[in-house]
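An overview of the molecular structure
Now for the letters of each chain:
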Amino acid sequence: MNSISGLVRRATVLVFAVAIIAGSATFYLFFNAATMKHVEDEARTLLSLAVAARNYTIDNITPLLGQLPDTNFNPEQVPSFAAQTLFRKLISDGSNYTYREAALNPTNPADLADSFEADLIADFRRNDDVSEMQGIKRVEGTDTFYIARPITITNPACLACHSTADKAPAAMVAQYGIVNGFGWQLGETIGVQILTVPVEDEFQSIYELVAIFFVMLTALFVVVSLMVTLPLQRNVIQPLRKLADIADRSSLRGDDTPLPKHGAGEIQQLSAAISRLRSSLKVSMDKSNEPTDQDGSQ
């Protein structure tokens, strides 16, 4: 037979178990979404700086350097060189933030796309209406958020250096050769801008916060459980047990032990009612045991 204390204890554990699981899951999902939003905003800000450096080079630097004699090649006039150099100087604290402008057929071999970047370029080529992709990738055992945009030839001026080797600046051909960086077409997606932001530390902070939240909920459960069960034990369960024990003894041996007068109001009311019932039964039993006269009178 289940006791009241056992039922209350099990109900309390069940309620708090559901609360802890649901609360911790909600807490994790909320902070995970907030963290990813923060990482995405940070990545967009850094990418905007790189794009601004690229556009500034195209609009202001390349035309000026193009007026110089082509006996020397100036990498500063290349938009990707400017953007990547500025980013490296901006992120110089040893962090794992990266920005690359990778291509399938770059002029500089250092900008050759790896397998992941090549897949992104292929995806952009298949989906002309997609202007951005983002997600999480694993880099050397670390989760990294990336945001990528296609590099599409929209400016005919770019073809002056990348259509055929015989039309390219002699200084550039002398430095990089006649194999790489040629054959580009107007409107063709030839590469990808990709910026990565490490998120391992961000996720670790979430796990720590969820652990703290779990411990706090568990501590709250213990405190509330004690606050509920101890008064219940003292004011309800113990008086009820005493009532049940006395009633059991009274039914077997006619025990006259006084009933408890403490406990919750309902317990006291029940005790008083049982006392009155026991008194009434005693009076009735005493009358039934009195001797009777022959004519039936007592």
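Named according to an unreviewed UniProt entry, the protein is Putative DUF3365 family protein originating from Octadecabacter antarcticus 307.

1. Here we look at the nonpolar core
Counting 18 residues, the largest nonpolar core has A43, F87, Y99, F145, I147 and L195 as the members making the most contacts within it. In terms of residue count, the dominant contributor to this core is helix α1 (residues 4–65) (6 residues). Not counting the four nearest positions on each side in its chain, F145 is found in contact with M36, V39, E40, A43, Q134, G135, I136, L195, T196, V197 and V199. Of all hydrophobic cores here, the second largest spans 10 residues; its members include A102, F124, M133 and V192.

2. Side note on a nonpolar patch on the surface
Together, L209, I212 and M216 give the surface a local cluster of nonpolar side chains, amounting to about 280 Å² of exposed area. Following the sequence through the fold, I212 ends up in helix α6 (residues 200–253).

3. A closer look at the UniProt feature "transmembrane region" (unreviewed entry) in the protein
Feature annotation in UniProt places "transmembrane region" (unreviewed entry) on residues 12–31 and 209–232, given in this structure's numbering. The span residues 12–31 is 100% helical and 0% strand by assignment, and the distance between its end C-alpha atoms comes to 28 Å. For residues 209–232, the end-to-end C-alpha separation is 34 Å, with 100% helix and 0% strand making up the annotated structure.

Reading the values: rules and limits
- Every residue gets a number counted from 1 within its own chain, in the order that chain's sequence is written.
- Note on the predicted model: pLDDT of at least 70 is required for a residue's local features to be given, and 80 or more for side-chain atom pairs to be given and counted; whole-chain, interface and lining totals, by contrast, use all residues.
- In computing side-chain values, all of the structure's heavy atoms are included and hydrogens and water are not.
- Nonpolar cores are built from buried Ala, Val, Leu, Ile, Met, Phe, Trp, Tyr and Cys residues. Side-chain atoms within 4.5 Å join them into one set.
- Type-normalised accessible area, obtained with a 1.4 Å probe on protein chains alone, sets the label of each residue: buried when under 20%, exposed when over 50%, and partly exposed for intermediate values.
- Helix and strand assignments come from DSSP, with helices taken as H or I runs of at least 4 residues and strands as E runs of at least 2, each series counted from the N terminus.
- We call two residues contacting when some pair of their heavy atoms lies within 4.5 Å.
- Note that patches include only residues with greater than 30% relative accessible area and no salt bridge, and the join distances are 9 Å for like charges and 5 Å for nonpolar side chains (Val, Leu, Ile, Met, Phe, Trp, Tyr).
- Using the Shrake-Rupley algorithm and a 1.4 Å probe, accessible areas are obtained, with residue cover drawn only from the displayed protein chains.
- Note on definitions: salt bridges are taken to be side-chain nitrogens of Lys or Arg within 4 Å of carboxyl oxygens of Asp or Glu.
- UniProt positions are given in the numbering used here, feature names are shortened, and annotations may be inferred rather than shown by experiment.

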